[in-house]
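Survey of secondary and tertiary structure
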Amino acid sequence: SLARMINARLPVPDGFHITTEAYRRFVAENDLQPLIDDALSWIDLEKPVTLEDTSARIRRAFMSATIPPGVSAAIAGAYGDLCGTKPPVAVRSSATAEDLPEASFAGQQESYLNVSGAENVLEATKKCWGSLWTARAIGYRARQGIESNGVALAVVVQELVPAEAAGILFTVDPIRGNRDQIQVSAAWGLGDAVVGGRVTPDDYTVDKETGRVLKRQVADKEVMTVRVDGATIDQPVPQNLRNVPSLESEDLKELTRLGLEIEALYGMPMDIEWALADGDFAIVQARPVTALPEVAVPPAGEWQLPESKGRYMRTSIVDFMPDPLTPLFSTMVAPAFNAGMERTLAETIGGKLTLLESYFAT
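First, a word on what this report is: a plain description of the structure on this page. As the structure is a prediction and not an experimental result, all values here were calculated from the model.

To continue, consider the sheet that holds strand β12 (residues 280-288). Spatially, β8-β7-β6-β5-β11-β12 is the arrangement adopted by the six strands of the open sheet, whose pairing is antiparallel. A single partner strand is all that each edge strand has here, and the edge strands are β8 (213-217) and β12. Across this sheet, the average inter-strand angle for adjacent strands is 15°, counted without regard to direction. The pairing of strand β11 (residues 270-277) with β12 spans eight bridges and is antiparallel. When the sheet's bridge partners are listed, Ala 275 is paired in β12 with Ala 282.

Formed by 38 residues in total, the largest nonpolar core has its most connected members in Tyr 23, Ile 36, Phe 62, Trp 129 and Trp 133. Ranked by residue count, the leading element in this core is helix α6 (residues 118-130), at five residues. For Phe 62, the residues in contact, after removing those within four places along its chain, are Tyr 23, Phe 26, Val 27, Leu 32, Ile 36, Lys 126, Trp 129, Gly 130 and Trp 133. Leu 10, Leu 169, Ile 182 and Met 270 belong to the second-largest nonpolar core, a separate cluster that totals 24 residues.

A full pass over the atoms with the stated rule returns five aromatic pairs. Plain terms: the ring middles of Phe 26 and Trp 129 are 4.8 Å apart, the flat faces sit at 35° to each other, and that makes the pair tilted. One end of the pair, Phe 26, is in helix α2 (residues 20-29); the other, Trp 129, is in helix α6, with 103 residues separating them in the sequence. Take Phe 26: its relative accessible area is 0%, and that puts it in the buried class. Since its relative accessible area comes to 0%, Trp 129 is described here as buried. Here the aromatic residues Tyr 23, Phe 26, Phe 62 and Trp 129 are joined through ring pairs into a cluster of three or more. Here the guanidinium or amino end of Arg 4 rests over the ring plane of Tyr 266, the centre of that ring lying 4.5 Å away.

The next thing to look at is a nonpolar patch on the surface. A cluster of nonpolar residues, Leu 328, Met 332 and Val 333, forms a patch on the protein surface that exposes about 300 Å² of accessible area. With respect to the helices, strands and loops of the structure, Leu 328 is situated in helix α10 (residues 327-349). Residue classification places Leu 328 among the exposed positions, given a relative accessible area of 54%.

Over its 12 residues, helix α5 (residues 69-80) extends 16 Å from the first C-alpha to the last, a length consistent with the 16 Å expected when each residue adds 1.5 Å. Val 71, Ser 72, Ile 75 and Tyr 79 are the residues of α5 that are buried. Along the axis of α5, the buried positions cluster into a sector of 95°, meaning they face one direction only. Relative to its buried face, α5 has exposed residues pointing more than 90 degrees away, namely Pro 69, Ala 73 and Gly 80. The elements touched by buried residues of α5 are β1 (15-18), α2, β2 (89-95), β3 (111-115) and α6.

All right, on to the environment of Gly 177 then. With respect to the element layout, Gly 177 can be found in the loop between β5 (165-170) and β6 (181-188). Its relative accessible area of 0% is what places Gly 177 among the buried residues. Taking the C-alpha atoms as reference, Gly 177 lies 9.5 Å from Ala 291; in sequence the two are 114 residues apart.

Conventions adopted
Residues numbered from 1 in each chain as written. Predicted model: local features only at pLDDT ≥ 70, side-chain atom pairs only at ≥ 80, totals over all residues. Heavy atoms only, no water. Pairing = 2+ DSSP bridges. Helix = DSSP H or I, 4+ residues; strand = E, 2+ residues; numbered from the N terminus. Axes fitted to C-alpha atoms, helices over the stretch in contact; angles between N-to-C directions. Core = buried A, V, L, I, M, F, W, Y, C linked by side-chain atoms within 4.5 Å. Buried < 20%, exposed > 50% of the residue type's maximum accessible area, 1.4 Å probe, protein only. Contact = heavy atoms within 4.5 Å. Phe/Tyr/Trp six-rings, centres within 6.5 Å; stacked < 30°, edge-to-face > 60°. Lys NZ or Arg CZ within 6 Å of the ring centre and 35° of its normal. Patch = residues over 30% accessible without salt bridge, like charges linked within 9 Å, V, L, I, M, F, W, Y side chains within 5 Å. Areas by Shrake-Rupley, 256 points an atom, 1.4 Å probe, with all protein chains shown as cover. Salt bridge = Lys/Arg side-chain N within 4 Å of Asp/Glu carboxyl O. Expected span 1.5 Å × (residues − 1). Arc of directions from axis to C-beta.

Without other data, these values stay purely geometric and don't point to any function.
Encoded structure:
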């Protein structure tokens with residue numbers, strides 16, 4: 001996904017991928033698969049403690065294992081090719097079953113921010129690999145019917161954006177399913193507090209066609225994620241910024257443009273993570289929006305009678321049919337039913353009956 005956006009000249013931070021082949025070599029050369037299989041055999045979804053115990057056993061084995069020399073050298077070399085001396089990076093998990101159109105695995109695996117130095121990148125990579133086996137990830141895959149035997153995990157190592165503000169953009173209203181609106185959540189600092197739900201962000205609703213801001217709700221933003229030596233922490237937002245909008249109007253306009261461009265690139269509604277630093281936006285992730293509700297249809301207005309003194313009765317039986325009508329039903333049964341209803345109702349009201357609309361046609 002990131003490579004696709006880079007090729008489309010979108011502002012994605014530099015970095016590299018550690019492929020699933022590296023994960024599989026790590027598992028194979030440390031003979032971890034038998035341990036994984038045995039640990040998974042004890043899982044009972046009705047007993048959450050079994051998920052926790054299984055996860056702890058697998059992750060301990062991962063952290064005590066050794067990355068194959070060829071893999072560790074390749075990772076260290078790719079990290080060394082990034083700009084700067086020991087540049088801070090985000091080390092992010094990317095599972096093979098993640099971000100499917102029908103199921104989002106966002107948040108099931110772990111990511112590590114502000115990692116500096118090749119040794120620390122290698123350590124964070126092992127932690128990411130092990131997070132494929134968190135209790136929540138194991139349980140989520142089981143409930144989604146995805147076999148754990150075939151999953152693997154890639155890792156994204158991405159230059160860390162020293163964000164002044166960050167957040168999430170949906171190119172659709174994820175609650176009401178409105179495809180004509182963009183939803184933006186924004187807060188001060190790195191985006192981890194927003195993604196993790198630890199801060200109430202500012203919320204913006206933008207009309208896609210006109211770019212007009214339909215709703216602007218500035219929150220009392222109490223915490224922000226900031227960089228410290230080799231890690232990140234949450235700290236209180238300075239009092240003078242807590243109730244200040246984290247995005248200016250021009251920022252929101254540019255972010256909306258990027259969101260529309262990404263949606264057009266993928267041809268579907270997207271969930272986008274972004275960061276703002278020194279007036280420039282960076283896109284750090286984009287995934288399909290899953291489980292969208294159906295678009296809300298406004299109720300029909302009042303129907304005006306063609307004849308104010310006429311007597312009307314609805315004769316459709318389509319509303320009572322549990323399944324779609326077949327072509328055979330529509331061509332043979334519907335005409336007979338309409339004719340029968342017309343005769344019966346005409347006799348009932350003692351006059352000529354006019355069928356205003358055949359509901360079978362719709």
